[in-house]
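Given next are the chains, with one letter for each unit.
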Amino acid sequence: VSIEPVRYYPEGTSAAHILGYLGKISQANEIQNYVDEKGYSPNDIIGKTGVEESFEDTLRGINGVKRVQVDVLGNTTNTIDEEKSIPGNNLYLTVDIELQKYAEKALEQTLEKIQVGGTYESPWGNYSYGINKSKNKPYTEATSGSVVVINVKTGELLASVSYPSYDPNLFATGISNIDWLSLFPENEEDPLAPRPLYNIATQTAVQPGSTFKMITALAALDKGFSPTKTIRDMGYVEIGNKRFGCWIWNQSHGTHGHTNVY
C-alpha cells in the first residue's frame, strides 16, 4: 500500500476552466521540460491547463524520500533514512467564488431561454430572446457561451465562465477513456457543438461588439471631437458601394437615433 496525494476540487464544475486539470506526463515537450530538466518521475501527474499548468512549480512542492529495510515477506523492519516531503505553496486568486457561481447559473439559464426563444427573468428586469421578439424565434444552436467579470479599477479577474463546463475531479487520478470521450462532441466537424474542455473566454476569436466603442470614442476625443456633438445614427454607414449595418439595423432596420459620445 502506498500513500499518494490526490487533488480534490470541492466546487466541482465551478471555475473549472480557470483552475484547469491534471494529467500524466505524455507529450514530448512535457517529457523534456519536466522529466529531463526538472527531474520529475515519468509517472508524475502535472497541471495540463489553467492555473494548474501556469503555477505547476508553485503548487507542486518537493517529494520526500524514505529508505526502509524489509524482511523476506516484504514487511518493513527498519527505517534507514527519511527525507520529509515539502508541501507546495498556497495560491490565492482574485476570483470571487460566489460571484463565479452566480455568473455560471445566470449564463446557463440565459442559454436555456435563448434556445427556446423564451424570456430571461431577473430582479433587474426581464429580457425576451429571439430574432423577432413578437414571434420569439429560438436560437436552437446557442448551446455554448462565456461570461467574464473584471474589476475595472484594478484589472482583477472576479469571474470567468465558459459553458458547458467539466468536473476537474475526473482528472485527479487519471481520467478514464469513457469519461475522456464524453467531453468531446459527437460531431467534431460541427463548430457550434458544445465542447466542455474548450475555454471560450480565452480561446475563441469573436467580434468585440460595443466594447470597442470605447476605443473609437477615445481616438475621436484625442483628435478634438466634442463629447457633446450629436450625430443622427441611421443604423448603417456606406463606404464606397458597400453598406455596413449595426446589429439593430441588420436585425430589424432599427436605428439609434440622435447619439453623442456620452
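See above for the structure.
Residues numbered from 1 in each chain as written. Predicted model: local features only at pLDDT ≥ 70, side-chain atom pairs only at ≥ 80, totals over all residues. Heavy atoms only, no water.

(A) Representation of the overall build of the chain in the model. A count of helices and strands for the chain gives nine helices and 12 strands. For 262 residues, the compact-globule estimate of 2.2 N^0.38 gives 18 Å, and the chain exceeds it by more than 25% at 26 Å. Dimensions along the principal axes, computed over C-alpha positions, put the chain at roughly 90 × 45 × 40 Å. Within the chain, the proportion of its 262 residues that are buried is 22%. Nonlocal contacts in the chain, meaning residues at least 24 apart in sequence, comprise 51% of its contacts between residues at least 6 apart. (Helix = DSSP H or I, 4+ residues; strand = E, 2+ residues; numbered from the N terminus. Rg over C-alpha atoms; globule rule 2.2 N^0.38 Å. Buried < 20%, exposed > 50% of the residue type's maximum accessible area, 1.4 Å probe, protein only. Contact = heavy atoms within 4.5 Å.)

(B) Inspection of a nonpolar patch on the surface at higher detail. Taken together, the side chains of Leu218, Leu221 and Val261 define a hydrophobic patch exposed on the protein surface, amounting to about 240 Å² of accessible area. Summarising the element assignment, Leu218 is placed in helix α8 (residues 213-222). (Patch = residues over 30% accessible without salt bridge, like charges linked within 9 Å, V, L, I, M, F, W, Y side chains within 5 Å. Areas by Shrake-Rupley, 256 points an atom, 1.4 Å probe, with all protein chains shown as cover. Salt bridge = Lys/Arg side-chain N within 4 Å of Asp/Glu carboxyl O.)

(C) Up close: the packing of aromatic side chains. Using the criterion set out here, one finds eight aromatic pairs in the structure. Relative to Phe171, the ring of Tyr21 has its centre 4.1 Å away and its plane inclined at 25°; by these criteria the two rings are stacked. Note that Tyr21 is positioned in the loop between α1 (16-19) and β1 (22-24) and Phe171 in the loop between β8 (157-163) and α6 (177-182), a separation of 150 residues in sequence. Judged by relative accessible area, which is 13%, Tyr21 ranks as buried. The class of Phe171 is buried, set by a relative accessible area of 3%. Centroid distance Tyr166 to Phe171: 5.9 Å. Interplanar angle 80°. Geometry classified as edge-to-face. Overall, the relative accessible area of 3% leaves Tyr166 in the buried class. (Phe/Tyr/Trp six-rings, centres within 6.5 Å; stacked < 30°, edge-to-face > 60°.)

(D) Spatial organisation of the environment of Ser128. Looking at the element boundaries, Ser128 is found in strand β6 (residues 127-128). Within the structure, the side chain of Ser128 is placed 3.0 Å from the side chain of Thr119, a separation counted as a polar contact. (Polar contact = N/O pair within 3.5 Å; in protein donor to acceptor, adjacent residues only side chain to side chain.)

Don't take any of this as a statement about function, it's just geometry.
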